[in-house]
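Survey of secondary and tertiary structure
Listed below, chain by chain, are the residues.
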Amino acid sequence: MSKIHTFKDGKLHIYVRTDKYKGKLKSDNFVGRTYITQHGKGKQLIKSSGTNKLNKAKQVLFKWFDELHFK
């Protein structure tokens, strides 16, 4: 796995997945990963930022994270 950037008090991890298909990365885009608990059950959620630029990815994934945690 590539370098993981951690934000939001360690609750949001942003990184580029290293899954390969035919010897090449499936995607160069950053993804965000977080763990949420709802109704006593926890689950891990992953979302693609749709971009390979870290600053743009942070904007997209911070918004996603905040929407998840403020519902």
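Provided above is the structure to which this section pertains.
Residues numbered from 1 in each chain as written. Predicted model: local features only at pLDDT ≥ 70, side-chain atom pairs only at ≥ 80, totals over all residues. Heavy atoms only, no water.

1. Structural notes on the environment of Leu 61
Positionally, Leu 61 belongs in helix H1 (residues 54-69). Under the relative-accessibility criterion, Leu 61 is labelled buried at 0%. If we skip the residues at most four places from it in the chain, Leu 61 touches Leu 12, Ile 14, Val 31, Gly 32, Lys 47, Ser 48 and Ser 49. (Helix = DSSP H or I, 4+ residues; strand = E, 2+ residues; numbered from the N terminus. Buried < 20%, exposed > 50% of the residue type's maximum accessible area, 1.4 Å probe, protein only. Contact = heavy atoms within 4.5 Å.)

2. Remarks on H1
For H1, spanning 16 residues, the distance from its first C-alpha to its last is 22 Å, which sits close to the expected 22 Å at 1.5 Å a residue. Within H1, burial applies to Ala 57, Leu 61, Trp 64, Phe 65 and Leu 68. Angular distribution of buried residues about the axis of H1 spans 100°; they occupy a single face of the element. Exposed and oriented more than 90 degrees from the buried face of H1 are Asn 55, Gln 59 and Lys 63. Of the surrounding elements, those touching the buried residues of H1 are strand S2 (12-16), strand S5 (30-38) and strand S6 (41-48). (Expected span 1.5 Å × (residues − 1). Arc of directions from axis to C-beta.)

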